[in-house]
Amino acid sequence: MIDIHWLNTFVALAKYQHFGKTAAALHMTQPNVSLHLKQLEQTTRVKLIERNPFRLTQAGERLLQSAENTLMELQICQADLNAINELNRGTLTIAASDIISRLLLISPFQSFKKEYPGIDLSLFNTTSSQATELVKSAKADLGFVIAQKESQPLHFTELRQVKWCALGNGLSRWQSLSADPSQKLPTEPLAAEEPTLILLGHDTRTRELIDMALPLLKLKKYHVMEVGSVDAQIDWAEAGFGVAIVPSFSLHSKPHLKTQITPLPDFPTTSLGYIVRQNQVLSRAIKQLLRWVDEEIQRSQ
């Protein structure tokens, strides 16, 4: 019989391709990693890896597929059992981006801790794309994301529409380039005085949306400054380094900004909402948390 702990070690070893790194990731000793692999190979009666250089054998590749699916199904099963048991104790894991967690989740989390003191809230502070993967793999029970693309095995529920605004001065040149896509594009290099767009990096869902809305970005017709968070966009725009394109709701908690705020009504709207796995059992605690989040969103509009 294959032990589930051996499979977990094998999957981690396939990921890190190094016995020491696998041991550190799993909080094990390196000899125990080697022992788990040896026991797995003895039980299956096949060689699973080549050590020098490290690679999976054909049998190892096949087992990796099955092992990943098995571990994920067990994780999903445990999550559903917790929900059926009302999850009065244990951990509730949420995945959300920095701006969503700080602006929309702090107050609901405070209410949740008072109502469910036996449940530990765990937060993955990540991007919307990464939150999607965490919920898919059942490493997170719930994800709050912007612009989820409908795909199995996830279900997206919209909580509010997201509109956009530009924060910063010197919008005229940017707007003239954006207003009429059919106009002849400038071929000369951009002048230094033309506004810089302050945007999130390419690994975020928000940046994907902006790239689609501003095709001239791909043609390098703008100066672009990339930063790691919406807060950083706001800070750099406030300091006069350019124009930040941000979700309008991100400015609700910053009433004293000195920089010009320009709504972008023609900019494509998107959705903010939460994702769960298809057919996921939602506990009473999760449903209550979602009600508190919805109330917080209503207050912030």
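Just so we're clear, the structure is a prediction, and the values are computed from it rather than from any experiment.

Chemist: Looking at this structure, I do not really get the overall build of the chain. What am I missing?
Modeler: Each helix and strand counted, the chain has ten helices and twelve strands in total. In the chain, which comprises 301 residues, the proportion classed as buried is 46%. Sequence separation of 24 or more characterises 74% of the internal contacts of the chain that already satisfy a separation of 6 or more. Carbon and sulfur atoms form 52% of the exposed surface of the chain, whose accessible area is close to 16400 Å².

Chemist: Mind showing me how you'd approach the pattern of salt bridges here?
Modeler: For side chains bearing opposite charge, pairing can occur when the charged atoms are close. Tallied over the full model, the rule gives six salt bridges. A salt bridge links E50 to K47, with the nearest nitrogen and oxygen atoms 3.1 Å apart. K47 gets classed as partly exposed once you look at its relative accessible area, which sits at 49%. In this structure, R102 and D98 form a salt bridge, with 3.2 Å as the shortest nitrogen-oxygen distance. Placement of both R102 and D98 in helix α5 (residues 98-115) is noted, with a separation of four residues, approximately one turn of the helix. Since its relative accessible area comes to 31%, R102 is described here as partly exposed. By relative accessible area, which is 27% here, D98 ends up partly exposed. Salt bridges sharing common partners tie together D98, R102 and D231.

Chemist: What's the story with the environment of R299 in this structure? I'm lost.
Modeler: Following the sequence through the fold, R299 ends up in helix α10 (residues 284-300). The exposure class assigned to R299 is exposed, which follows from its relative accessible area of 55%. Polar side-chain contacts of R299 include one of 2.6 Å to the side chain of E296.

Chemist: How do you make sense of the packing of aromatic side chains when you look at a structure like this?
Modeler: Aromatic ring pairs are described here by two measures, namely the spacing of the ring centres and the angle between the planes. Here the structure, examined in full by the defined rule, presents two aromatic pairs. With 4.9 Å between their ring centres and 35 degrees between their planes, F112 and Y116 make a pair best called tilted. Ring centres of W236 and F241 lie 4.8 Å apart, and the angle between their planes is 85 degrees; this geometry places the pair in the edge-to-face category.

Conventions used here
- Residues numbered from 1 in each chain as written.
- Predicted model: local features only at pLDDT ≥ 70, side-chain atom pairs only at ≥ 80, totals over all residues.
- Heavy atoms only, no water.
- Helix = DSSP H or I, 4+ residues; strand = E, 2+ residues; numbered from the N terminus.
- Buried < 20%, exposed > 50% of the residue type's maximum accessible area, 1.4 Å probe, protein only.
- Contact = heavy atoms within 4.5 Å.
- Areas by Shrake-Rupley, 256 points an atom, 1.4 Å probe, with all protein chains shown as cover.
- Salt bridge = Lys/Arg side-chain N within 4 Å of Asp/Glu carboxyl O.
- Polar contact = N/O pair within 3.5 Å; in protein donor to acceptor, adjacent residues only side chain to side chain.
- Phe/Tyr/Trp six-rings, centres within 6.5 Å; stacked < 30°, edge-to-face > 60°.

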